[in-house]
Amino acid sequence: MSSYIIKGGTKLEGKVTISGSKNSALPILAATILNAGKTTLYNVPNIQDTQKMLEILTALGGKVEKKKQKIIIDTSTINKQEIPDHLMHQMRSSVILAGALIGRFHQATFTYPGGCDIGSRPIDLHLKAFEKLGIGVVQSYGEMQCQAEQIIGEKIDLDFPSVGATENAILASVLAEGKTLITNSAREPEIIDLQNFLNKMGAKVKGAGNNEIEVEGVKRLKEVSYNIMPDRIESGTFLCLAAITGGNIRLQNANPIHVTPIINKLEEAGCEIQTKSNEIMIKAPKKLKAVDIKTMPYPGFPTDMQSIFATTFCTAKGTSIIVENIFENRFKYVQELNKMGAKITVEGKSAIIRGVRRLYGASVKATDLRGGAALVVAGVAAKGMTVVGNIEYILRGYEKFDQKLRGLGADIEISEVI
Ligand code: EPZ
């Protein structure tokens, strides 16, 4: 397992380029299955999760060619519809391949992806959506077998605006007979990116970004190239790195609209933020004012920013309260932060963060992707040396994280722990 070695206490200054969105690239990589041909994708972040997704596409029989700025995927040769079990377990979000495999082949076999560090993460809404489309789902000992003679468009009412279930319902209905209407759909920007990609291939999807999405089935899709949208959680992470260090940074290739809730809260805390169409500039005060947040489905405050925000407000003036409404187990990082001098208590869905004068370096371990990123934020701000272990979690979702941090003046190195 590797670690980050961070010597904290520097103000971050300068500019950083935001990478392509992990949570947009993953469903779009799955969607390349639908055109049974070639797709050229630009701005796919080079992180462990996208590498895993490419590995699965290859295991299914697809061909992947990586060039400097682009990835060419040929899914015409895919001849398997069973997602390899060990890869399912290595990456939960591979469940998104099911919708694409069923959409094209009318069948898919995969194992229950299982919970992960932030909650049980069931897929009942995905399976209910498939069944609504006339897809038979047989579950036995954790294995799901999905099969359909025909896929007929239908109305799908989601009990909860699940991002993955919305994406899977879209992917399973793009090549169906007739129209599908998905109500109470998730409104995340990554779903708009997926809609734009599918429509460029010739699909007929509309309404993404709203709570009703209509998919009119088409017969076939064409070969296209597409540029993945910027990663809004990486943008939020670097905004918080500036905020906690009293820094002054410019984010390039960032979409300010996608991070509106984060910008609003950081301005409330005393940061000066200016935006252009694809840039965000932030100048932070010496000390932040405490704020309260409640995580909600988009366009509310994103759950993926919860741990990073909690860290940012550890040294604010006053007490901040964070309520986590999306996942049931997303405070595991708190015990690690408290080793660094934070004063956070967790009561049910809420974390109470009493501002302290400063954080101190310590040896801590990442518990999950965003919890790990939060510990890096804490280490960059803390006085002294911090060792963050289990950084494989973090490498899943952040491209060149240590390199980008050094570019802003942070003292951070990777050490391969034997
Ligand atoms: C996506 O996960 C993201 N992952 C997550 O980002 C993000 O936290 C989440 O959406 C919420 O925004 C990707 O896009 C790859 P959900 P997903 O289905 O689709 C419950 C990160 O750090 N639920 O919207 O799995 C579920 O338990 C990751 O980048 C059901 O009950 O999230 C959770 O409580 C972490 N049944 C809530 O809905 C279902 O069938 C939201 O889950 C599906 C979900």
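Structure: see above.
On a predicted model such as this, the values are computed, not experimentally measured, just so you know.

**Q** Got a sec to walk through helix α2 (residues 48–59)? Specific residues and values, please.
**A** Between its terminal C-alpha atoms α2 stretches 16 Å, which fits the 16 Å expected from 12 residues at 1.5 Å a residue. Residues D49, T50, M53, L54, I56 and L57 constitute the buried set of α2. The buried residues of α2 occupy an angular sector of 155° when projected down its axis, which confines them to one face. Where α2 is buried, its residues contact α1 (22–31), β4 (63–66), β5 (70–74), α3 (85–90) and α4 (96–105).

**Q** Describe the sheet that holds strand β2 (residues 13–17), listing the residues and the values that go with them.
**A** Sheet architecture is open: 4 strands sit in the order β2-β14-β16-β15, paired in mixed fashion. Strands at the two margins of the open sheet, each flanked by one partner only, are β2 and β15 (272–276). Taking each pair of neighbouring strands and ignoring which way they run, the sheet shows an average axis angle of 15°. As judged from the 5 bridges shared by β15 and strand β16 (residues 279–283), these two strands associate in the antiparallel manner. Residue E272 lies in a different strand from β16, and its bridge partner there is K283. With respect to the sheet, helix α8 (residues 232–245) is in contact with β2, β14 (248–252) and β16, its orientation differing from that of β14 by roughly 170°. Against the sheet, helix α9 (residues 260–268) contacts β15 and β16, and its axis sits at roughly 150° relative to β15.

**Q** Just give me the short version of the site of the ligand, but keep the residues and values in it.
**A** Lining the immediate environment of the ligand, one finds 23 residues, of which D124, L125, S162, D304 and I326 sit closest. Within the side chain of N23, an N or O atom sits 3.1 Å from an oxygen atom of the ligand. At a separation of 2.7 Å, an oxygen atom of the ligand approaches a polar side-chain atom of S162. Burial of the ligand by the protein amounts to 86% of the accessible area it has alone, namely 820 Å². At the level of elements, α1, α5 (124–132), α6 (163–173) and α12 (369–381) are the ones that each hand at least two residues to the shell around the ligand. Of the residues forming the shell around the ligand, the biggest block, 3 residues, is contributed by α5. Considering only residue class, the shell around the ligand consists of 9 nonpolar, 6 polar and 8 charged. Residues lining the shell around the ligand come from more than one domain, with at least three contributed by each of domain 1 (2–18 + 231–416) and domain 2 (22–227).

**Q** Can you explain the pairing of strand β19 (residues 343–347)? Please cite residues and give values.
**A** Judged from the 5 bridges that link them, β19 and strand β20 (residues 350–354) form a sheet pairing that is antiparallel. Within the sheet, the bridge partner assigned to K343 lies in β20 and is R354. Counting the residues in the hairpin turn of β19 and β20 gives 2 residues, including G348, whose phi is positive at 65°.

**Q** How would you explain unusual backbone geometry if you had to name every residue and give the values?
**A** The omega torsion of the bond from Y298 to P299 falls at 10°, within 30 degrees of zero and hence cis. Along the chain, P299 turns up in the loop between β17 (292–294) and α10 (306–312). Although it is not a glycine, N253 sits at a positive phi angle of roughly 60°. Even without a glycine there, the phi angle at K400 is positive, about 50°. Structurally, K400 is set in the loop between α13 (392–395) and α14 (401–407).

**Q** Please provide a residue-by-residue account of the packing of α1 against helix α7 (residues 189–200), values included.
**A** One can describe the packing of α1 onto α7 by two numbers: an axis separation of 9 Å at closest approach and a directional angle of 30°. For the element pair α1 / α7, the angle class is roughly parallel. α1 and α7 meet at a crossing whose hand is right-handed. Packed against α1, whose contacting residues are N23, S24, P27, I28 and A31, the element α7 presents E190, D193, L194, F197 and L198 at the interface. Split by residue class, the contact of α1 with α7 holds 6 nonpolar, 2 polar and 2 charged.

What counts, and at which threshold
Residues numbered from 1 in each chain as written. Predicted model: local features only at pLDDT ≥ 70, side-chain atom pairs only at ≥ 80, totals over all residues. Heavy atoms only, no water. Helix = DSSP H or I, 4+ residues; strand = E, 2+ residues; numbered from the N terminus. Expected span 1.5 Å × (residues − 1). Buried < 20%, exposed > 50% of the residue type's maximum accessible area, 1.4 Å probe, protein only. Arc of directions from axis to C-beta. Contact = heavy atoms within 4.5 Å. Pairing = 2+ DSSP bridges. Axes fitted to C-alpha atoms, helices over the stretch in contact; angles between N-to-C directions. Near = heavy atom within 4 Å. Polar contact = N/O pair within 3.5 Å; in protein donor to acceptor, adjacent residues only side chain to side chain. Areas by Shrake-Rupley, 256 points an atom, 1.4 Å probe, with all protein chains shown as cover. Nonpolar A, V, L, I, M, F, W, Y, C, P; charged D, E, K, R; others polar. Domains from an automatic or database assignment. Parallel < 35°, antiparallel > 145°, perpendicular 65-115°, else oblique. Left-handed = near helix turned anticlockwise from the far one by under 90°.

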